[in-house]
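# Overview (structure and organization)
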Amino acid sequence: MKIFVHHVKQTIHSSLGLFKKRLNAPLPERGTFKNWWSSVLSLISYSVGLGNFWRFPYLCSKHHGVTFLIPYFIAMICIGAPLYFLELALGQYVSLAPTQLFSYLCPALSGVGYGMILILFAVVIYYNIVIAWTLFYLGAGLSFMRPNPWGTCEYQDMPQNCSAEPGGRLIAAKYYFEHIVLDQPIGDEVQLGANSIHFKMVVTLGVAWFLVFVCLAGGIRGTKKVLIFTVFYPYVMMAFILAWTADKSEDLMTYKLSETFLQVNTSYLVTEISVWNDASTQVIYSLGVAYGGITTIASYNKIDQNILRDTIIVCLLEGLTSIYCAYVVFSISSYMSEEFLMVSGNTPDLVFVTFPALVSRMGFGGIWSLLFFFMILALGFDSQLMMVEAVTTALFDEFHILRRRYVAVIAAFCFVLFLLGIPMTLQEGKKIFDMLNVYTSSHSLLLLGFLEVVIVAYVYGFRKFIGIIKEELKVWVPTPLYYFWAATWLCLTPASLLVLLSFSIYSEYQKVWKEEENFDALFLTGIALSFSVFIIVPLRAAFVFLKKWIKGGLHRENVSKIWKATSNFCPEYVRNGRDPDVVNSHLPEGEFTCIGV
């Protein structure tokens, strides 16, 4: 008995010693990109995605084609590019996610960083449902030798006007998406208990989150091989689709494009305010500014990477890709039916109804379908990877101890997000998807962008921040570029965002006032999400103020500190030089100083 007790004591002692050793061990390094190409690839993956493919073509069709490009590129120059460069500079300089970055930059407005991660957290929940739908189509179309199931009229309760013609195939594809993929009830079949879980979709959602986990488990560098495929493959596939549709309907396509896409309507730009609002929100949504993702990706850069070059590459590629996608979609419009684009609208129907109807006519069994849905998977999956990476990075930066269990934390996080996505696999789950799709990119996003640029340009100081860009980030800022950043950051960008925010809130008020919306739980949840930042920012400010008050009282000098950048708003090597718990082998010699603090 004594031997047994002694053995137990030794085991406990050794276990406690091992636990203490691991607890006191240096934290793993945060890591950086291996080269600038990996960083740019990640930025392209984050910014270029499904929004270019289904939202931009719809807006072009709605606002007279090339007429829409004028406000689009003006918004890109006045809002998109300035915000993109600003976020790259912030992330690369501090090497932190937005939650910690804004806590160091302006403690009183640190809620901006938390608001960004909250909105991005909601986005990654519903965005992976699109990946799950794509995997469902891939699984259904794996049999190459038989016709695609969404291109046939063999299902029971199929509408009588289903046929082999383009319009009839659209009906078949719509039936397949709504009643097979989404498992929505047919006709008047909505009965008690009909809103049940679609178990096949739960499985595909689980597969989608497992793929995300596998790709992220290797860290930020482990995603490079996946991104090389997902970035380049969609361009090749769209070229094949464009060639096929052009060969089938060359004359008709040329006529329709010249009539609907290539004519500028200048009077429309003056009389229709909504075109400017739609163009600006498309730039913000598609580039992904104000979500915190760009800042997080840039936080893995080396401090002297040329972010001006990266901004030009990504913004230019974003615009050209949007035009390319619009041209492909308009070419299909001329082949399938004249009205399909406006019917599909700003919804997934364009991807999961119209295009499946097209590829079902392209022959070779299910090969074209397989290639097409791999393209959709590539467009969406790389964006999803970067967004999840941004949210998990914020978690690791907030709680450094979690880095010791990186893989386990990523697994647990993906599992939680999988559980949160299950309500969207219900028969009525698409309503939840539509709510999140609309309200995660509305008022809160515009407020975040406005506060972000105001904090940097006015609270911290434009000249001090330009000094950081020139001296620490080693970016060449000639005089014309200096005045461009001054004009945009100090005036054009915040003013444009404030006008957009006012217009967005007014439009929402008009809908409510005219009772165009049903005041159900989904609508109220969407409103709460869209205005969440309006609550988080002042609550966080109150918390910081109260914390400062308890520590040092309410005298003026103490309160003013919550509006000033802290000593931790500096490069990573400076913070690590003061932090013995972090392993860092590339510390510079000499004293550590921060510019502008």
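Thresholds, definitions, all that
Residues numbered from 1 in each chain as written. Predicted model: local features only at pLDDT ≥ 70, side-chain atom pairs only at ≥ 80, totals over all residues. Heavy atoms only, no water. Helix = DSSP H or I, 4+ residues; strand = E, 2+ residues; numbered from the N terminus. Buried < 20%, exposed > 50% of the residue type's maximum accessible area, 1.4 Å probe, protein only. Contact = heavy atoms within 4.5 Å. Salt bridge = Lys/Arg side-chain N within 4 Å of Asp/Glu carboxyl O. Phe/Tyr/Trp six-rings, centres within 6.5 Å; stacked < 30°, edge-to-face > 60°. Core = buried A, V, L, I, M, F, W, Y, C linked by side-chain atoms within 4.5 Å. pLDDT = per-residue confidence, 0-100. Patch = residues over 30% accessible without salt bridge, like charges linked within 9 Å, V, L, I, M, F, W, Y side chains within 5 Å. Areas by Shrake-Rupley, 256 points an atom, 1.4 Å probe, with all protein chains shown as cover. Disulfide = S-S within 2.5 Å. Axes fitted to C-alpha atoms, helices over the stretch in contact; angles between N-to-C directions. Parallel < 35°, antiparallel > 145°, perpendicular 65-115°, else oblique. Left-handed = near helix turned anticlockwise from the far one by under 90°. Nonpolar A, V, L, I, M, F, W, Y, C, P; charged D, E, K, R; others polar.

For the protein chain, the helix and strand inventory stands at 25 helices and zero strands. Counting over 597 residues, the protein chain shows a buried share of 54%. Long-range pairs, those at least 24 residues apart, make up 82% of the contacts in the protein chain with a sequence separation of at least 6.

Its identity as a non-glycine residue notwithstanding, Ser95 has a phi of 60°, on the positive side. Position of Ser95 among the secondary structure elements: in the loop between α4 (66-94) and α5 (98-105). Look at Ala290: it is not a glycine, yet its phi comes out positive at around 75°. Mapping Ala290 onto the fold places it in the loop between α12 (274-287) and α13 (293-298). What makes Ala290 buried here is its relative accessible area of 1%.

Counting through the fold element by element, Ala81 comes out in helix α4. For Ala81, a relative accessible area of 15% translates into the label buried. Taking C-alpha positions, Ala81 is 9.8 Å from Thr493, a pair spaced 412 residues apart along the chain. Contacts of Ala81, omitting those with residues within four sequence positions, involve Met76, Thr311, Cys315 and Trp485.

Scanning the entire structure with this criterion turns up six salt bridges. In this structure, Arg403 engages Asp397 in a salt bridge whose closest nitrogen and oxygen atoms are separated by 3.2 Å. By the burial criterion, Arg403 is buried, and Asp397 matches it. Put simply, Glu428 and Lys431 hold a salt bridge, and the shortest N to O gap is 3.3 Å.

This part is about the side chain of Ser110. Along the polypeptide, Ser110 turns up in the loop between α5 and α6 (111-140). Ser110 has contacts with Phe102, Ser103, Arg540 and Val544, leaving out every residue within four places of it along the chain.

As a further point, take the packing of aromatic side chains. All told, the structure shown has 34 aromatic pairs when counted by the stated rule. With centroids separated by 5.1 Å and ring planes inclined at 15°, the aromatic side chains of Phe229 and Tyr233 adopt a geometry described as stacked. Taken together, the residues Phe229 and Tyr233, both in helix α9 (residues 224-248) and four residues apart, mark about one turn of the helix. Residue class for Phe229 comes out partly exposed when judged on its relative accessible area of 42%.

Okay, the environment of Gly65 next. With respect to the helices, strands and loops of the structure, Gly65 is situated in the loop between α3 (50-62) and α4. Given a relative accessible area of 0%, Gly65 falls into the buried group. C-alpha of Gly65 to C-alpha of Tyr327: the two residues are 262 residues apart in sequence and 9.9 Å apart in space.

Now for the nonpolar core. Phe53, Phe372, Phe465, Ile469, Trp489 and Phe569 are the most contacted members of the largest nonpolar core, which totals 187 residues. With sequence-adjacent residues up to four places away left out, Trp489 is seen in contact with Pro82, Phe85, Leu86, Val453, Ala457, Tyr458, Phe462, Phe465, Ile466, Ile469 and Pro494.

Confidence in the prediction of the protein chain, expressed as mean pLDDT, is 81, and 78% of residues score 70 or more. Within the model, pLDDT remains below 50 along residues 579-597, and this stretch shows 35 contacts once partners closer than five positions in the same chain are excluded.

A few words on a nonpolar patch on the surface. Together, Trp36, Trp37, Ile228, Phe232 and Ile313 line one region of the surface with nonpolar side chains, adding up to about 430 Å² of accessible area. At the level of secondary structure, the elements contributing two or more residues to the nonpolar patch comprise α2 (36-47) and α9. Under the relative-accessibility criterion, Ile228 is labelled partly exposed at 37%.

Across the eight residues that make up α5, a large majority, eight, are buried. Along α5, the residues classified as buried are Pro98, Thr99, Gln100, Leu101, Phe102, Ser103, Tyr104 and Leu105.

This part takes up the state of the cysteines. Scanning the model with the defined rule gives zero disulfides in all. Cys491 forms no disulfide, and the closest cysteine sulfur to it belongs to Cys78, at a distance of 9.8 Å.

As a further point, take the packing of α6 against helix α18 (residues 406-421). Two elements in contact, α6 and α18, have axes separated by 9 Å at closest approach and are oriented at 70°. Here α6 lies roughly perpendicular to α18, going by the angle between them. For the pair α6 and α18, the crossing hand works out as right-handed. Between α6, through Phe121, Val124, Ile125 and Ile129, and α18, the contact on the second element is made entirely by Phe413, Leu417, Leu420 and Gly421. Taken together, the residues of the contact of α6 with α18 break down into seven nonpolar, one polar and no charged.

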